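Read off the chains here:
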Amino acid sequence: MLNLVLFGPPGAGKGTQSEKLIEKYQLIHVSTGDLFRAHVKNQTELGKKVSQLMADGELVPDAITIAMLEEEVDKNPEAKGFVFDGFPRTVPQAAELDLFLERKGSKIAGVIALDVDQLELTKRIAERHKVSGRPDDDAEKLKKRISEYFDKTIHVLPYYEVQGKLNKVNGMNEISTVYNHLCAVIDKY
Ligand code: ADP
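The rules behind these values
Residues numbered from 1 in each chain as written. Predicted model: local features only at pLDDT ≥ 70, side-chain atom pairs only at ≥ 80, totals over all residues. Heavy atoms only, no water. UniProt positions renumbered as here; feature names shortened; annotations may be inferred. Phe/Tyr/Trp six-rings, centres within 6.5 Å; stacked < 30°, edge-to-face > 60°. Helix = DSSP H or I, 4+ residues; strand = E, 2+ residues; numbered from the N terminus. Buried < 20%, exposed > 50% of the residue type's maximum accessible area, 1.4 Å probe, protein only. Axes fitted to C-alpha atoms, helices over the stretch in contact; angles between N-to-C directions. Parallel < 35°, antiparallel > 145°, perpendicular 65-115°, else oblique. Left-handed = near helix turned anticlockwise from the far one by under 90°. Contact = heavy atoms within 4.5 Å. Core = buried A, V, L, I, M, F, W, Y, C linked by side-chain atoms within 4.5 Å. Near = heavy atom within 4 Å. Polar contact = N/O pair within 3.5 Å; in protein donor to acceptor, adjacent residues only side chain to side chain. Areas by Shrake-Rupley, 256 points an atom, 1.4 Å probe, with all protein chains shown as cover. Expected span 1.5 Å × (residues − 1).

The name given to the protein in an unreviewed UniProt entry is Adenylate kinase, and the organism recorded there is Pedobacter changchengzhani. You can read under Function (unreviewed entry) in the UniProt record for the protein the words "Catalyzes the reversible transfer of the terminal phosphate group between ATP and AMP. Plays an important role in cellular energy homeostasis and in adenine nucleotide metabolism."

Some words on the packing of aromatic side chains
Scanning the model with the defined rule gives 4 aromatic pairs in all. On the basis of an interplanar angle of 45° and a centroid distance of 6.0 Å, the ring pair of phenylalanine 7 and tyrosine 149 is categorised as tilted. In this pair, phenylalanine 7 sits in strand 1 (residues 4-7) while tyrosine 149 sits in helix 7 (residues 139-153), placing the two residues 142 residues apart along the sequence. Here phenylalanine 7 matches tyrosine 149 in class, with each residue buried. Both rings, one in phenylalanine 82 and one in phenylalanine 84, keep their centres 5.8 Å apart while their planes meet at 15°; by these two values the pair is stacked.

Describing the packing of helix 4 (residues 62-74) against helix 5 (residues 91-103)
Two elements in contact, helix 4 and helix 5, have axes whose closest approach is 11 Å; the angle formed by their N-to-C orientations is 30°. In this view, helix 4 runs roughly parallel relative to helix 5, as classed from their interaxial angle. The two elements helix 4 and helix 5 meet at a crossing, and its hand is right-handed. The residues of helix 5 that touch helix 4, namely those facing Asp62, Thr65, Ile66, Leu69, Glu70, Val73 and Asp74, are Pro92, Gln93, Glu96, Leu97, Phe100 and Arg103.

Considering the nonpolar core
Phe84, Leu97, Ile108 and Tyr160 are the most contacted members of the largest nonpolar core, which has 30 residues in total. Put simply, the parts of the chain that give this core at least two residues each are strand 1, helix 2 (32-41), helix 3 (45-55), helix 4, strand 3 (82-85), helix 5, strand 4 (110-115) and helix 8 (156-161). Contact partners of isoleucine 108, with chain neighbours within four places excluded, come to Asn3, Val5, Phe84, Leu97, Asp98, Leu101, Tyr160 and Lys165. By size, the runner-up hydrophobic cluster in this structure holds 20 residues, among which are Leu6, Leu27, Leu121 and Leu182.

Comments concerning the UniProt feature "binding site: ATP" (unreviewed entry) in the protein
The feature "binding site: ATP" (unreviewed entry), as given by UniProt, occupies Gly11, Ala12, Gly13, Lys14, Gly15, Thr16, Arg128 and Asn173 in the numbering adopted here. With respect to the helices and strands, alanine 12 occurs in the loop between strand 1 and helix 1 (14-25). When its relative accessible area of 4% is taken as the criterion, alanine 12 is described as buried. Setting aside its immediate chain neighbours within four residues, alanine 12 contacts Leu114, Val116, Leu121 and Arg124. Residue classification places glycine 15 among the partly exposed residues on the basis of a relative accessible area of 30%. Here glycine 15 is in contact with His29 and Asp85, once residues within four sequence places are set aside.

Concerning the site of the ligand
Looking at the ligand, there are 19 residues lining it, with Thr32, Arg37, Glu58, Gly86 and Arg145 nearest. The backbone of valine 60 places a nitrogen or oxygen atom 3.0 Å from a nitrogen atom of the ligand. About the coverage of the ligand: the protein hides 97% of its 550 Å² of free accessible area. Among the elements that line the shell around the ligand, the one with the most residues is helix 2, at 4 residues.

A look at helix 7
Spacing of three or four residues puts side chains on the same side of an α-helix, whose turn is 3.6 residues. Given a rise of 1.5 Å per residue, 15 residues ought to cover 21 Å, and the 20 Å separating the end C-alpha atoms of helix 7 matches this to within 8%. Elements that come into contact with the buried residues of helix 7 comprise strand 1, helix 6 (118-132) and helix 8.

Regarding unusual backbone geometry
The phi torsion of most residues other than glycine is negative, and most of the peptide bonds are trans. With an omega dihedral of -5°, the bond running from phenylalanine 87 to proline 88 counts as a cis peptide bond. Relative to the helices and strands, proline 88 resides in the loop between strand 3 and helix 5. Despite not being glycine, glutamine 26 has its phi angle at roughly 55°, a positive value. Looking at the secondary structure, you find glutamine 26 in the loop between helix 1 and strand 2 (28-31).

Let's talk about the environment of threonine 65
Inspection of the secondary structure assignment puts threonine 65 in helix 4. In this structure, the C-alpha to C-alpha distance between threonine 65 and glycine 33, residues 32 residues apart in sequence, is 9.8 Å. Setting aside anything within four residues of it in sequence, one finds threonine 65 in contact with Thr32, Phe36, Val60, Phe87 and Gln93. Only 3.0 Å separates the side chain of threonine 65 from the backbone oxygen of proline 61, close enough to count as a polar contact.

In structure tokens, the structure reads:
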């Protein structure tokens, strides 16, 4: 199995690149953000629990997030691998993902962090807000999401670095250039 984690702050381009990568490598895209948004849209019990947190730009508690992620992976027993996008976002999520994959005789092949500076992120999300209709894309909520990122999510990087699994790719380039760099890294895994 080829399991990848695409890592980066809000607006780094994880979703865009994931879509291209799953096609090339025949993987399943698992975006916890997309899964949560689907729950909110369908007004499921889970959706009701998380909608306020998401709208405020706060992270959903680990236990809820991990359970949803594991369920999604288990729905795809024939998968050749997964691209995890927006997960893990905390160190406990990363540790639990390792244990979960280990139980399946699998592992994370590599983690690619998309590097994009804060000014560019703010610009991209302001643009996206015009079309996304996402309540958490407004400027105030985005600040909260970025602060959650630097508070909790950034610590996931050293977790994978000590395992020798971390690669960085410049996310400031054009979409196709970033994609080519990602493929070059993934081909080595
Ligand atoms: P972004 O555009 O910031 O990358 P996502 O679409 O990945 O955002 O996630 C949107 C929201 O969903 C987050 O702000 C958070 O509330 C929730 N969420 C998504 N993934 C996770 C996660 N792994 N842990 C906790 N909360 C999450």
